[in-house]
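# Structure assessment
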Amino acid sequence: MKIKEVSDNKFFWKHLKFYKSFLYHNIYFKPSKNIQNEDFLEILKSLNIKKRKERIKFIYETACFKIDKIAFSKNICSFKENKCFIQRKLDNNKCNGCCRKCLYQSNKGCTTANLACKLFNCSAVIDNFPEMQAINLNILKLLSFKNQIIVKSDFFATKEDVLKDLYSLSLIYSALRILKRQVQRIIILKLNKNLFK
Ligand code: SF4
Ligand code: SF4
């Protein structure tokens, strides 16, 4: 395997679409000693994962970890008694923030790791924490165009289901899977509501 030494520069970003392609399948990326930037080191680590599914999983988990780190350390939605600061401000009867109509919520929060949900925030949160936006997460640039769409739109799903959508090579197939799950979710929620009337 050949080794390409990389320093944190514009040339690298300009050529990223080639580095992540099959053209660099046999090339190992080595950071130059001056690189300390954690984001950049993670990107090189991703590029050195040559199996497609493993790389996608690493990117997904790293992005989730980065968002959780900001969300928990800065308490971005400021939950108190299951109500986020917007729900407290509006003084409505709603709770659990943006997760109200999902099958995977619990009293302790989300029971899975959904990247689209983690990237989705109301305007108040986006204004205060711009680093929570997909556009500011450099590691997502390693995904294909199809997968960049999926990670931003595959809400209300388990991590395992989202990963299957990302592993698929067809946007249409993934979109149909997402649509099917959304229909199932609405039916289950409606049935549950009728049961507890
Ligand atoms: S993103 Fe906004 S609306 Fe959603 S839970 Fe957080 S504070 Fe509430
Ligand atoms: S999957 Fe999304 S909507 Fe459902 S509980 Fe988790 S964060 Fe909330």
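If you're wondering where the values come from, they're calculated on a predicted model, not measured in any experiment.

We now examine the site of ligand 1. Surrounding ligand 1, one finds Cys77, Cys84, Phe85, Ile86, Gly97, Cys98, Asn121, Cys122, Ala124 and Val125. Among the secondary structure elements, those contributing two or more residues to the shell around ligand 1 are α5 (85-90) and α7 (123-128). Of the residues contributing to the shell around ligand 1, the split by class is eight nonpolar, two polar and no charged.

Turning to the nonpolar core, a few remarks are in order. Formed by 22 residues in total, the largest nonpolar core has its most connected members in Ile59, Tyr60, Ala63, Leu115 and Leu166. The greatest single-element share of this core, amounting to five residues, is contributed by helix α4 (residues 52-74).

Near ligand 2 you find Cys99, Cys102, Tyr104, Gln105, Cys110, Thr112, Asn114, Cys117, Phe155 and Phe156, and these make up its full shell. When the residues that make up the shell around ligand 2 are grouped by side-chain class, the tally is seven nonpolar, three polar and no charged.

To continue, consider the packing of α4 against helix α9 (residues 159-167). Axis separation between α4 and α9 bottoms out at 10 Å; the angle between their running directions is 135°. The pairing of α4 with α9 is recorded here as oblique in orientation. Between α4 and α9 the crossing geometry is right-handed. Across the interface between the two elements, Lys53, Ile56, Lys57 and Tyr60 from α4 touch Leu163, Leu166 and Tyr167 from α9. For the contact of α4 with α9, the class distribution of residues is five nonpolar, no polar and two charged.

Here we take up the confidence of the model for the chain. Counting all residues, the mean pLDDT for the chain is 92, and 98% of those residues have values of 70 or more. Element-level pLDDT for the chain is lowest in strand β1 (residues 2-6), with a mean of 87, against a maximum mean of 98 in α9.

Right, let's talk about unusual backbone geometry for a bit. Of note, the phi angle at Glu81 is positive, near 50°, even though the residue is not glycine. Structurally, Glu81 is set in the loop between α4 and α5. For Glu81, a count of 7 C-beta atoms within 10 Å puts it in the exposed group. Phi is positive for Asp91, close to 50°, though the residue is something other than glycine. Secondary-structure assignment places Asp91 in the loop between α5 and β3 (105-106). Residue Asp91 is classed as exposed on the basis of its C-beta count, with 8 C-beta atoms lying within 10 Å.

Rules used in this analysis
- Residues numbered from 1 in each chain as written.
- Chains lettered and ligands numbered in written order.
- Predicted model: local features only at pLDDT ≥ 70, side-chain atom pairs only at ≥ 80, totals over all residues.
- Near = placed C-beta within 6 Å.
- Helix = DSSP H or I, 4+ residues; strand = E, 2+ residues; numbered from the N terminus.
- Nonpolar A, V, L, I, M, F, W, Y, C, P; charged D, E, K, R; others polar.
- Core = buried A, V, L, I, M, F, W, Y, C linked by C-beta atoms within 7 Å.
- Buried ≥ 20, exposed ≤ 12 C-beta atoms within 10 Å, placed from the backbone.
- Axes fitted to C-alpha atoms, helices over the stretch in contact; angles between N-to-C directions.
- Parallel < 35°, antiparallel > 145°, perpendicular 65-115°, else oblique.
- Left-handed = near helix turned anticlockwise from the far one by under 90°.
- Contact = placed C-beta atoms within 7 Å.
- pLDDT = per-residue confidence, 0-100.

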